[in-house]
Amino acid sequence: MSSPEAANKPTEALAVRGLTKIVQDATGSLTILDDINLDIAAGETVAIVGASGSGKSTLLGLLAGLDVPTRGEVRLFGNDLFSSDEDGRARLRAQNIGFVFQSFQLLPHLSALENVLLPMELSGRTPDGLDAPRAAREMLARVGLSERLSHYPKTLSGGEQQRVALARAFVLRPPLLLADEPTGSLDARTGESVIALMFELNRERGSTLVLVTHDAQIAARCGRRIELQAGRIVGG
């Protein structure tokens, strides 16, 4: 029998309505996203594709609450993301989202272990009651880096750095993972290994995956493909 909490859990990870982002440049107003409406169910795997400049990364940043729209709404597991201030959005991110960046975004003065510890330290939470160091070590072992715990980013290869970034994103077992061109800085062989690991971890966790990619083969591995063109959804 399901618990009342499970019964009340939203079936939509993300509900987007009228999402628009307009910025000012030297020529006047530039519309980056134009009236985006989108629903992503919990547990879906979704690829966001489109030409450079189509608004993919801007959309992902808005879905994470890393940026604020000109107008529109994003509901994250039923929570209105932009009704909160920056601190409130940060709390929602910490509770619900793991983020993987193309450029890894590891802190250079922290070891691999310390980088993976960071989200637990910032949120004050650990997964399944594990102590934070154990959770970080187990996650790094899961991505094949148990022998690299004390290594700093500059001593790791690009693929190893992205594996640390994956471990950091997954360590709190977030219900939603967002990834922005996660293989864009990697060679083809290393990128394939990282993507295979990402999908494997995502299946294990039963989480929702939304990734921005220019790679048709990666997009084809997702359950759904959403195409952007000049800031508007034209497919998916």
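Residues numbered from 1 in each chain as written. Predicted model: local features only at pLDDT ≥ 70, side-chain atom pairs only at ≥ 80, totals over all residues. Heavy atoms only, no water.

1. Quick word on the packing of aromatic side chains
The condition that has to hold: Put simply, two rings from Phe, Tyr or Trp (the six-membered ring, in Trp's case) pair if the centres are within 6.5 Å, and we call them stacked under 30 degrees between planes, edge-to-face over 60, tilted for the rest. To sort residues, take the accessible area from a 1.4 Å probe on protein chains only and compare it with the maximum for the residue type: under 20% means buried, over 50% means exposed, and anything in between is partly exposed.
Overall, the coordinates contain one aromatic pair when judged by the stated rule. Note on F99 and F101: the rings are 4.4 Å apart at their centroids and 20 degrees apart in plane angle, and the pair reads as stacked. Assessed through its relative accessible area of 14%, F99 is described here as buried.

2. Some thoughts on the sheet that holds strand 7 (residues 176-180)
For the record, the criterion: In this description, strands pair whenever DSSP reports at least two bridges between them. Counting from the N terminus, the helices are DSSP H or I runs at least four residues long and the strands are E runs at least two residues long. Note on geometry: axes are C-alpha line fits, over the in-contact stretch for helices, and angles between N-to-C directions span 0 to 180 degrees. Residues count as neighbours in contact if any of their non-hydrogen atoms are within 4.5 Å of one another.
Judged by pairing direction, the sheet is mixed, and its six strands sit side by side in the order 6-7-8-3-9-10 without closing on themselves. Strands at the two margins of the open sheet, each flanked by one partner only, are strand 6 (97-100) and strand 10 (232-235). Within this sheet the neighbouring strands show an average axis-to-axis angle of 25 degrees, counted without direction. Of the strands in this sheet, strand 6 and strand 7 touch helix 6 (residues 158-170), which is tilted by about 170 degrees from strand 6. Of the strands in this sheet, strand 3 (45-49), strand 6, strand 7 and strand 8 (208-212) are in contact with helix 7 (residues 188-205), which crosses strand 8 at around 155 degrees.

3. Description of the nonpolar core
Quick reminder of the rule: Here, the term nonpolar core denotes a set of buried Ala, Val, Leu, Ile, Met, Phe, Trp, Tyr and Cys residues that are joined through side-chain atoms within 4.5 Å.
Core analysis: the largest hydrophobic core is formed by 41 residues, its most contacted members being M120, L140, V143, V164, M198 and L211. Within the residue set of this core, elements represented by two or more residues are strand 3, helix 4 (112-123), helix 5 (132-142), helix 6, strand 7, helix 7, strand 8 and helix 8 (216-220). Among all residues touching L140, those that are not within four sequence positions of it are A112, L113, V116, L145, S146, L149, V164 and A167.

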